[in-house]
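An overview of the molecular structure
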Amino acid sequence: MYRGTHDAVPDERNEHVLIYVNGELVPRAEAKVSVFDSGFLIGDGVWEGLRLHHDVLIFLDEHLDRLDQGATAIALDLGLTRAEITEALYRTVRANDMHDNVHVRLMITRGIKKTPSQDPRLTIGTPTS
């Protein structure tokens, strides 16, 4: 069996986790993103990995600064304010009754493309968050 540099440790909390997708909290099995999403098609988006420690997303300001810098660098409108992103993050961990030792992956893509192309003008609608 192949082993990577980051051996995954099973975490039963992930079996029934709720995932935030475009403003909705949905069960893991129902969390879907279109194959025409620019993140899936061409990797067009930004992301941050955050840690929840004793109910606090540590270094949140630094993560959001970096997310914003990355979005600015690729001319990506995040579609949410900093306060809305923060609320979405805390809403998600609260809905999952998670308090400590949690990794959160925040991903925002440019959104759905009308055709597989790198041209941002071919994006339909709003960012996927």
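This text gives an overview of the structure that appears in the document.

Conventions adopted
- Numbering of residues starts from 1 in each chain and follows the order in which that chain's sequence is written.
- In view of the model being predicted, local features appear only for residues whose pLDDT reaches at least 70, and side-chain atom pairs are presented and counted only at 80 or more, with totals across whole chains, interfaces and linings using the full set of residues.
- Just so you know, side-chain values use all the structure's heavy atoms and leave hydrogens and water out.
- To qualify as a helix, a DSSP run of H or I must reach at least 4 residues; to qualify as a strand, a run of E must reach at least 2; elements of each kind are numbered from the N terminus.
- The quantity called the radius of gyration is restricted to C-alpha atoms. Its globule counterpart is 2.2 Å times the number of residues to the power 0.38.
- Buried, partly exposed and exposed residues are distinguished by accessible area as a fraction of the type maximum, computed with a 1.4 Å probe on protein chains only: under 20%, between the cut-offs, and over 50%, respectively.
- It only takes one pair of heavy atoms within 4.5 Å for two residues to be counted as in contact.
- Per-residue and other accessible areas were derived by the Shrake-Rupley procedure at a 1.4 Å probe size, with only the shown protein chains allowed to occlude residues.
- In the sections that follow, a salt bridge refers to a side-chain nitrogen of Lys or Arg positioned within 4 Å of a carboxyl oxygen of Asp or Glu.
- What makes two strands pair is DSSP finding at least two bridges between them.
- Axis lines are fitted to C-alpha atoms, over the contacting stretch for helices. Their N-to-C directions set the angle, which ranges from 0 to 180 degrees.
- The definition of a nonpolar core used throughout is a set of buried Ala, Val, Leu, Ile, Met, Phe, Trp, Tyr and Cys residues joined through side-chain atoms within 4.5 Å.

1. Examining the overall build of the chain
When helices and strands are tallied, the chain shows three helices and seven strands. Sequence-ordered secondary structure for the chain, helices as α and strands as β, is β-β-α-β-β-α-α-β-β-β. For 129 residues, the compact-globule estimate of 2.2 N^0.38 gives 14 Å, and the chain sits close to it at 16 Å. Oriented by its inertia axes, the alpha-carbon framework of the chain measures out at about 40 × 40 × 30 Å. The buried share among the 129 residues of the chain stands at 29%. In the chain, of all internal contacts separated by at least 6 residues, the share reaching a separation of at least 24 is 61%. Looking at the chain as shown, the accessible area adds up to about 8,800 Å², and 56% of this sits on carbon and sulfur atoms.

2. Focus: unusual backbone geometry
It is generally the case that most residues other than glycine have a negative phi and that most peptide bonds are trans. Even without glycine at this site, Asp55 takes up a positive phi of about 70 degrees. Asp55 sits in the partly exposed class, given a relative accessible area of 44%.

3. Looking at the pattern of salt bridges
Under the counting rule described, the total for this entry stands at six salt bridges. Its salt-bridge partner being Asp61, residue Arg82 comes within 3.7 Å of it at the nearest N-O pair. Taken together, the residues Arg82 in helix α3 (residues 82-95) and Asp61 in helix α2 (residues 60-73) connect sequence positions 21 residues apart. For the salt bridge of Arg94 with Glu87, the shortest nitrogen-to-oxygen distance reads 3.0 Å. Overlapping salt bridges, with partners in common, bring together Asp61, Asp65 and Arg82 in one network.

4. Topic: the sheet that holds strand β4 (residues 56-57)
Ordered in space as β4-β3-β5, the three strands form an open sheet in which the pairing is antiparallel. Bordering the open sheet on either side are β4 and β5 (102-109), each of which pairs with just one other strand. With two bridges joining them, strand β3 (residues 45-53) and β4 adopt antiparallel strand pairing. Across the sheet, residue His53 finds its bridge partner in β4, namely Val56. Each of β3, β4 and β5 is contacted by α2, which is oriented at about 175 degrees to β3, the strand it contacts most. Where α3 meets the sheet, it contacts β3, β4 and β5, and its direction lies at approximately 140 degrees from that of β5.

5. A closer look at the nonpolar core
One finds Leu67, Leu78, Ile85 and Leu106 to be the most contacted residues of the largest nonpolar core, which totals 19 residues. When residues of this core are traced back to their parent elements, those giving at least two are β3, α2, α3 and β5. Contact partners of Leu78, with chain neighbours within four places excluded, come to Val46, Leu67, Asp68, Ala71, Ile85, Ile108 and Pro127.

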